[in-house]
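Fold and geometry: a report
As a plain string of letters, each chain reads:
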Amino acid sequence: MNDGALHRSLGLPQLLAYGLVFIGPAAAVGVWGTLDAKSGGVVPVVYLVATIVMALTASSYALMSAAVPRAGSVFAYASEGIGRSAGHMGGWMMLLDYLLIPSVAYLFSGIALHSLIPQVPVWVYVIAAVVISTGLNLAGVTVTAWVSTVVVVVEVVVLAAVLVAGIWVLAGVGPVRGWLDPLTGGAAGLDAGLVLGAVSVAVLSYLGFDALATFAEETRGGVKVIGRATLICLVLAGTLFIAQTYVGALLSPLTTAELQADPSLQGDAYYAMVDSQISPLLHALLALAKGIGAIFSALVGQAAASRILWDMGRSGSLPRVFSRLSARTGVPVVGVLVASAGNVLVAGWASTRGDGLDLVSSMVDVGAITGFVLVHASVIGYFVLRRRGGAVRPVRHLVIPVLGAGLLIAVLTASSPVALVVGAIWAVLGVVVLLLRRPHMTPADTLGA
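Predicted model only: the values in this text are computed from it and were never measured.

Here is what the cut-offs are and how they apply
Residues numbered from 1 in each chain as written. Predicted model: local features only at pLDDT ≥ 70, side-chain atom pairs only at ≥ 80, totals over all residues. Heavy atoms only, no water. Helix = DSSP H or I, 4+ residues; strand = E, 2+ residues; numbered from the N terminus. Rg over C-alpha atoms; globule rule 2.2 N^0.38 Å. Buried < 20%, exposed > 50% of the residue type's maximum accessible area, 1.4 Å probe, protein only. Contact = heavy atoms within 4.5 Å. Areas by Shrake-Rupley, 256 points an atom, 1.4 Å probe, with all protein chains shown as cover. Lys, Arg positive; Asp, Glu negative; His and termini not counted. Charge placed at Lys NZ, Arg CZ, Asp CG, Glu CD. 1 Å grid on protein atoms, 1.4 Å probe; cavity = no way out; pocket = protein on both sides within 12 Å on 5 of 7 lines; lining within 4 Å. Points joined across faces, edges and corners; volume = space filled by probe spheres on them. Nonpolar A, V, L, I, M, F, W, Y, C, P; charged D, E, K, R; others polar. Salt bridge = Lys/Arg side-chain N within 4 Å of Asp/Glu carboxyl O. Core = buried A, V, L, I, M, F, W, Y, C linked by side-chain atoms within 4.5 Å. Axes fitted to C-alpha atoms, helices over the stretch in contact; angles between N-to-C directions. Parallel < 35°, antiparallel > 145°, perpendicular 65-115°, else oblique. Left-handed = near helix turned anticlockwise from the far one by under 90°. Phe/Tyr/Trp six-rings, centres within 6.5 Å; stacked < 30°, edge-to-face > 60°. Expected span 1.5 Å × (residues − 1).

Attention now goes to the overall build of the protein chain. Broken down by element type, the protein chain carries 17 helices and zero strands. Taking 22 Å as the expected radius of gyration for a compact globule of 449 residues, we find that the protein chain reaches 21 Å, a close match to that expectation. Each of the 449 residues in the protein chain was classed as buried or not, and the buried ones make up 59%. Considering only intrachain contacts with a sequence separation of at least 6, the fraction spanning at least 24 residues in the protein chain is 83%. Accessible surface, the protein chain: about 16300 Å² in total, of which carbon and sulfur atoms supply 72%. Between the mean site of the 22 positive side-chain charges and the mean site of the 19 negative ones, the protein chain shows a separation of 17 Å.

Pasting the structure below:
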């Protein structure tokens with residue numbers, strides 16, 4: 001073990017692979033049924049709104065990742081732009097995100113693989129997925145980047161096959177729902193409240209583009225590479241989400257009302273659509289690709305959590321043991337193992353509950369959205385109030401952060417009450433840790449990369 005620096009071994013292609021495998025090109029498949037029920041049948045509109053909201057956040061991430069190229073991401077940005085206490089709370093809230101995202105991914109994996117071999121319980125798949133991803137993370141960032149690239153290519157190819165086959169069916173047979181219903185809501189019309197509530201869940205599908213910032217100290221090619229990779233991943237993911245949910249809605253044999261009446265149908269609604277309307281073989285391939293892809297999505301989330309723990313450890317916000325790196329691979333071993341243990345507990349618990357996926361997903365969103373708001377606030381603090389980035393650019397440094405933060409706060413208020421309570425409890429714990437660790441904190445200006 002050592003307390004040295006992370007190894008710079010990632011370029012733009014590897015970052016894109018990391019970002020896309022974390023987001024998951026077919027991420028919308030797992031939550032389509034839930035979103036269709038929550039939104040009143042307009043899932044493509046939900047993803048369009050969510051893409052716009054996330055694009056504003058990506059803009060602020062790009063600015064801060066170039067100005068503060070540190071592995072701590074939100075923790076580092078808020079520390080530099082607002083202050084150390086805000087930085088601690090930003091990192092703490094994002095830990096709720098990054099510690100739980102892999103748990104959601106493991107659940108997606110278990111559900112997808114369980115649909116292929118139902119004799120094996122979901123929790124068995126979950127444990128196996130945790131072991132595989134943890135082992136790869138401990139092997140080092142170069143190995144995980146290579147494997148992630150292969151997984152992304154396979155998942156995109158399978159998703160493309162499903163979409164092409166779906167379009168072929170639509171051209172020959174026609175849609176089950178009206179062509180414009182997924183965009184207009186049909187006879188019921190669009191309900192802004194329902195759309196906003198669904199956006200609070202759809203944001204989960206995008207979580208992963210922000211994780212790229214945690215690899216800032218392992219990236220070569222200049223400080224702007226992270227920002228470029230972040231924006232590219234977001235645009236690609238948003239396009240894929242809108243396309244797959246539109247085709248899914250047009251072909252779904254289940255109506256929105258049926259999905260609203262029976263939540264047990266929501267989890268595998270997209271898989272059921274592919275199986276009955278397109279091809280059982282493509283259903284099997286999609287479930288397999290989604291199940292395996294989710295494992296590697298969790299892998300990146302676990303890696304991101306370990307980098308935040310590492311940066312908070314070296315700064316004193318958390319015990320110094322988190323700052324230790326493997327002398328051989330340069331990996332934050334303690335952070336990886338702690339994140340893995342948390343994933344096993346949360347995913348294992350959720351896999352035994354019928355509403356486990358919905359509960360954990362909501363908790364993830366609260367942590368992420370709170371962190372995103374602090375990223376926007378960090379841009380204003382760093383560039384406008386502290387004038388640390390040269391001349392102020394009103395649109396990028398003020399208008400976009402204010403608009404982005406406002407939209408995120410609106411989405412946050414639409415989250416489930418249970419998720420908000422869990423988020424509040426986590427925040428209180430963060431304050432307690434802050435008070436206990438304050439004497440050990442290192443000034444932020446001594447931690448630049």
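One pass over the structure, following the stated rule, counts two cavities of 30 Å³ or more. Looking at the largest cavity, its volume works out to about 180 Å³. The set of elements that each furnish at least two residues to the lining of the largest cavity consists of helix H1 (12–23), helix H2 (27–39), helix H5 (84–116), helix H9 (192–206) and helix H13 (280–315). Within the lining of the largest cavity, the residues separate by chemical class into 12 nonpolar, four polar and two charged.

Another point: unusual backbone geometry. Even without glycine at this site, Arg387 takes up a positive phi of about 50°. Tracing the backbone through its elements, the reader meets Arg387 in the loop between helix H15 (356–385) and helix H16 (394–413).

All right, on to the pattern of salt bridges then. Here the structure, examined in full by the defined rule, presents two salt bridges. Between Arg177 and Asp36 there is a salt bridge, and its shortest N-O distance comes to 3.0 Å. In this pair, Arg177 sits in the loop between helix H7 (141–173) and helix H8 (181–184) while Asp36 sits in helix H2, placing the two residues 141 residues apart along the sequence. The pair Arg177 / Asp36 is uniform in exposure class, with both members buried. In this structure, Arg388 and Glu80 form a salt bridge, with 3.0 Å as the shortest nitrogen-oxygen distance. With Arg388 in the loop between H15 and H16 and Glu80 in helix H4 (residues 74–81), this residue pair connects regions lying 308 residues apart in the sequence. Judged by relative accessible area, Arg388 falls into the partly exposed class, the value being 39%.

With that settled, the discussion passes to the nonpolar core. Across soluble globular proteins, nonpolar side chains have a tendency to be buried as a group. If you look at the biggest cluster of nonpolar residues, it comprises 133 residues, and the most contacted ones within it are Tyr47, Met54, Leu95, Phe209, Leu286 and Phe372. Residues contacting Met54, with those up to four places away along its chain left out, are Val203, Tyr206, Phe209, Leu234, Phe372 and Leu408.

Let us look at the packing of H1 against helix H10 (residues 224–251). Packing of H1 against H10 leaves a shortest axis separation of 9 Å and a crossing angle of 40°. Classified by the angle between their axes, H1 and H10 sit oblique to one another. Crossing of H1 against H10: the hand is right-handed. Listed contacts from H10 to Leu12, Leu15, Leu16, Gly19, Leu20 and Ile23 of H1 are Val225, Ile226, Arg228, Ala229, Ile232, Cys233, Leu236, Ala237 and Phe241. Looking at the contact of H1 with H10, its residues break down into 13 nonpolar, one polar and one charged.

This next bit is on the packing of H10 against helix H12 (residues 269–278). Here H10 crosses H12 at 60°, and the two axes come no closer than 10 Å. Judged by the inter-axis angle, H10 sits oblique to H12. In the crossing of H10 with H12, the sense of the turn from one axis to the other is left-handed. Residues Gln244, Gly248 and Leu251 of H10 form the contact with H12, whose own contacting residues are Tyr270, Met273, Gln277 and Ile278. Each residue belonging to the contact of H10 with H12 can be placed in one class, and the counts come to four nonpolar, three polar and no charged.

Let us now look at the side chain of Ser133. Inspection of the secondary structure assignment puts Ser133 in helix H6 (residues 122–139). What Ser133 contacts, discounting residues up to four positions off in sequence, is Tyr106, Ile295, Leu299 and Gln302.

Looking now at the packing of aromatic side chains. The full count for this structure, using the stated rule, is eight aromatic pairs. Taking 6.0 Å as the distance between ring centres and 50° as the angle between the ring planes, the aromatic pair formed by Tyr47 and Tyr206 counts as tilted. With Tyr47 in helix H3 (residues 43–67) and Tyr206 in helix H9, the pair connects residues that are 159 residues apart, well separated along the chain. The exposure class assigned to Tyr47 is buried, which follows from its relative accessible area of 0%.

This part covers the environment of Val42. With respect to the secondary-structure elements, Val42 resides in the loop between H2 and H3. A relative accessible area of 1% means that Val42 is categorised as buried. With sequence-adjacent residues up to four places away left out, Val42 is seen in contact with Asp181, Pro182, Leu183, Thr184, Gly185, Leu190 and Val195.

The next subject is H1. With 12 residues, H1 extends 16 Å between its outermost C-alpha atoms, agreeing within 8% with the 16 Å of an ideal straight helix rising 1.5 Å per residue. Taken residue by residue, H1 has Leu15, Ala17, Tyr18, Gly19, Leu20, Val21, Phe22 and Ile23 as its buried positions.

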